[in-house]
Each structure stands twice: as structure tokens, then as C-alpha cells.
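In case you want the letters, here they are:
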Amino acid sequence: MGSVVDAANKEVNGTSSAKKPNVIFVLGGPGSGKGTQCAYIVEHFGYTHLSAGDLLRAEIKSGSENGTMIQNMIKEGKIVPSEVTIKLLQKAIQENGNDKFLIDGFPRNEENRAAFEKVTEIEPKFVLFFDCPEEEMERRLLGRNQGREDDNIETIRKRFKVFLESSLPVIQYYEAKGKVRKIHAAKPIEDVFQEVKAVFSPEAEKILELTNLLTFYLGCSLGSSVSKEISRLIDQECVLCSTGIETHHHLFFECEYSSSIWKHFVQAILPATPLNVHSAAAMISHFRHPSQAPPVIKLIFQSVIYLIWKERNARVFTSASTSAAGLRSALDRLIRDRLLSFPSPDPTPSLLQFYFSGPRPP
Ligand SMILES: Nc1ncnc2c1ncn2[C@@H]1O[C@H](COP(=O)(O)OP(=O)(O)O)[C@@H](O)[C@H]1O
Ligand SMILES: O=c1ccn([C@@H]2O[C@H](COP(=O)(O)OP(=O)(O)O)[C@@H](O)[C@H]2O)c(=O)[nH]1
């Protein structure tokens, strides 16, 4: 077992992403507080802050050949051509010794996003989205007082329009991938940072790792709403076993209740009980089995995590609870129903037949 996990960990760490910097896109309307919160994140979590707008303004000041073009675009609230901004961002990343960056105010449209991904081959770890009503953003920008040529009411209105028409679709693109962490940004600075801090907490990092690994290995995510809800877990006594603190690791893998669910699939389908997200990933990636195995295993992992999470919520928010045996039966039904809807590969046996070669609930 150890060797399989080691091999998979090596594979996870050895992917090209290990050499690539860790990037978080910080998005939100003009004046939503991106720069302000980035300064706090830098101080608390050691990221390097790269503001695309600041880099463009520095380029104007440097007297570069693009300076006048950039200045005119900013004055009009328009988006500077991708190649100019991406070159500046790439240079800033390369010149910096850090390996984790907040990219603030970029990508501002779909073209920015696609070009950045193509040129740098960097996928953001997640997108921090500061959601703030226009009236509040307008008030803040008019009071910003940094001598910016674009902080006048006429340009501000143009920037809002560009944000709605061009930048929101980028946020929606990442939302569909379960990567957006939305922050309610209309509150006082310290309150906003409390929300930001939760996104960067070790537990949130772990669940991000869990969902990213599952996405990576399973080829599909748990769904953005489930991932978002799971990331809100707070440390309290585990409602499934009442004997541990409900961390993600405990809830999904260590807890007696959960491990009894996993054990149900051991022997016939899974080689061992997954101990953590890495061993889960290892099993998925190193599974040597007939062609039917990968989709079935993928479904088992998704279904177990989903039903454990549902059971946890039922216990936290209602008085209902299901025994481990009851959950195993529900899981069995869920998996069979899902497998019935899968197209059957040739030649037989079907996915369902493969699943039935495993154990049945007692
Ligand atoms: N939560 C907040 N409440 C009130 N004012 C804020 C808040 N966050 C930022 N500001 C102020 O609003 C202005 C715009 O903030 P900034 O961080 O520059 O926004 P952005 O980078 O999104 O354009 C600044 O003057 C800043 O001090
Ligand atoms: O990737 C970027 C970032 C900024 N800008 C330009 O720079 C201006 C100011 O952007 P910044 O992020 O500094 O400020 P915000 O509008 O978020 O307050 C924008 O309106 C755009 O004209 C751009 O073209 N591309």
C-alpha cells in the first residue's frame, strides 16, 4: 500500500505544476477592494501581489513605446491588449523568487484568460472574487484619492460597463469549474478580511486539494456548490462518530463511520481503505484492473464523499440520522442507478456487472 501511495504522491508532486508558480486570480469590480485585501493576504500568507493595473501604470511611467497606447486605454476604461499585459505579468513572475502569486485585476476578459493560459500554461489555483454593489464601489473610487486619471465619474461608469460585459464572464467560466471563492466585499475592511482568511486557512487548502485531486484524477468535480459548502467546515466535534474533531481529513477518511463505508468496497473493488486524499488519488491513478474499473471507481469516490457530506449535514441541521449500514445501502442504490444510466462498453460485462462482482451491503 505504501508504495502505491508513494508512487502517486510522486506523480502528483512531479507533475509540471510543481515547477509552475501557484497563482490566484483576484477579481472584482473597480473599487471592490482587491488591492486593499491583497496587501493583507501578502502580510498574512506570504504571497507576492502583482496588480496588472499597477504594472501597466509603471509601464506608462517608464516611457516605453507602448506607454501612450496604455495611457489612452486606461483613460477610456478599456482593456489593454492581452500580449502587453501578459508580457508584464510573465516578467514580474520570472523576476520574483516567490512561487505563489496573487494576480490582481487580471484576466479582465475571455481573451485575456485564454491567452494567459495558452502562453504561460498556468491554471489558477482558484479565483478570489470580491462581490460589491456598484454604488459602494463608486463611493470608494471617488474617495480613493490616489491621483488616478481614471477615478472620475465618467471613466468609472465606463469601467463598470466593461466589468459587467467582459470581466463577469471570466468569473462565470471559473465558477463552472468550481474555482470561484466569492467574498462579500461591501463590509468594512477588517470584516472582509475575516472572510478572505477563511479561504486561505489550512482546512480550506486541504479541501481545495481534495477537490482538485479528485477533479484531476476523476476528470470531474464534486460540483461547485458541494465544494463551496464543504469548504465552510468549521472545527467542531464530528457528528458522525462524536469522538474526533471534524476536520476534512477526519470526516471523510479517519472517522469510524466513514471508514466503515470505505471498507465496504475494499477487497473486491478497492485495494485498501483510503487513509487520506493522497491514498485515494493513488488508488485511482494506479489501479490495474479491467477497463470497467476506472468509471466505477470514479463513481464510488464521488458517491461516498457526497453521501458522507449529506449525512453530516442531515445530522447538523436536522435531527435525522442514518446508520452506517443504512448509508451503505443508499450508496449501493445510488451507484447502481448511476451505472444503469452509463453507456455500456463492448464487449460485456457491463459496468453494472463489474460492480456486482464486488460485495453487496449486508
Ligand atoms: N471594505 C472597504 N470598505 C471601505 N473602503 C474600502 C474597503 N476596501 C477598500 N476600500 C477603499 O476603497 C478604495 C478602493 O479600494 P482598492 O483596494 O484600491 O480597490 P480595487 O483594487 O478593487 O480597485 C480605496 O481607497 C480603499 O482604501
Ligand atoms: O489586466 C488589466 C488590468 C488593468 N487594465 C486597465 O487598467 C485600468 C485600471 O485597472 P486596475 O485593476 O488598476 O483598477 P480597478 O479598475 O480594478 O480599480 C482598467 O480600467 C484597464 O483600463 C487592463 O487593461 N488590463
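Note that this is a predicted model, so its numbers are computed, not measured.

What counts as what
Residues numbered from 1 in each chain as written. Chains lettered and ligands numbered in written order. Predicted model: local features only at pLDDT ≥ 70, side-chain atom pairs only at ≥ 80, totals over all residues. Heavy atoms only, no water. Pairing = 2+ DSSP bridges. Helix = DSSP H or I, 4+ residues; strand = E, 2+ residues; numbered from the N terminus. Axes fitted to C-alpha atoms, helices over the stretch in contact; angles between N-to-C directions. Near = heavy atom within 4 Å. Polar contact = N/O pair within 3.5 Å; in protein donor to acceptor, adjacent residues only side chain to side chain. Areas by Shrake-Rupley, 256 points an atom, 1.4 Å probe, with all protein chains shown as cover. Expected span 1.5 Å × (residues − 1). Bend = angle between axes of the 7 residues up to and from the residue. Buried < 20%, exposed > 50% of the residue type's maximum accessible area, 1.4 Å probe, protein only. Contact = heavy atoms within 4.5 Å.

Q: I'm lost on the sheet that holds strand β2 (residues 48-51) in this one. Help?
A: Two strands in a sheet stick together by hydrogen bonds in their backbones, pointing the same way (parallel) or opposite ways (antiparallel). In spatial order, the strands read β2-β3-β1-β4-β5; together these 5 strands make up an open sheet with parallel pairing. Both edges of this open sheet fall to β2 and β5 (180-184), since each of them pairs with a single strand only. Neighbour-to-neighbour, the strand axes of this sheet turn through a mean angle of 25 degrees, independent of strand direction. Where strand β1 (residues 22-28) and strand β4 (residues 126-131) come together, 5 bridges link them in parallel fashion. Considered in β4, the bridge of G28 is made with F130.

Q: I'm lost on the site of ligand 2 in this one. Help?
A: In the vicinity of ligand 2 there are 21 residues, among which K34, R57, K78, V80 and R159 approach most closely. A distance of 3.2 Å is found between an oxygen atom of ligand 2 and a side-chain nitrogen or oxygen belonging to R144. A distance of 3.0 Å separates an oxygen atom of ligand 2 from a polar side-chain atom of R148. Contact with the protein chains covers 97% of the free accessible surface of ligand 2, which is 510 Å².

Q: Would you mind showing me how to read helix α8 (residues 153-176) here?
A: Turn by turn, an α-helix covers 3.6 residues, leaving residues three or four places apart pointing in a common direction. Given a rise of 1.5 Å per residue, 24 residues ought to cover 34 Å, and the 33 Å separating the end C-alpha atoms of α8 matches this to within 8%. Remark: the principal bend of α8, roughly 40 degrees, maps to F163. Within the span of α8, buried status applies to T155, I156, R159, F160, F163, S167, V170, I171 and Y174. Residues of α8 that are buried make contact with β1, α4 (67-75), α6 (110-120), β4, α7 (134-142) and β5. Where α8 terminates, the next one or two residues include G178, which has phi positive at roughly 70 degrees.

Q: What should I look at first to understand unusual backbone geometry in this one?
A: In most cases, non-glycine residues show a negative phi, while peptide bonds are predominantly trans. Here F106 and P107 are connected by a cis peptide whose omega angle stands at 0 degrees. Inspection of the secondary structure assignment puts P107 in the loop between β3 (100-104) and α6. Even without glycine at this site, N145 takes up a positive phi of about 60 degrees. The phi dihedral of S242 is positive, around 60 degrees, even though this residue is not glycine. Topologically, S242 is positioned in the loop between α11 (224-230) and α12 (248-254).

Q: For this particular structure, what's the right way to read the site of ligand 1?
A: Every one of the 13 residues lining ligand 1 counts as a neighbour, but K34, G35, T36, R144 and K187 are closest to it. Contacts to ligand 1 include K187, whose backbone N or O atom sits 2.8 Å from a nitrogen atom. Protein chains bury 77% of the 560 Å² of accessible surface belonging to ligand 1 in isolation.

Q: Honestly, the pairing of β3 in this entry has me stumped. Any pointers?
A: Looking along a regular strand, one sees side chains alternate from face to face of the sheet. Summarising burial for β3: 4 of the 5 residues are buried, a large majority. Pairing between β2 and β3: 4 bridges, direction parallel. In the sheet register, S51 faces β3, and the bridge partner there is D104.

Q: What is the right way to look at the side chain of S303 in this model?
A: You can see S303 is positioned in helix α15 (residues 293-317). According to the relative accessible area criterion, S303 is buried, its value standing at 4%. When neighbours within four sequence positions are excluded, S303 is seen to be in contact with L331, L334 and I335.

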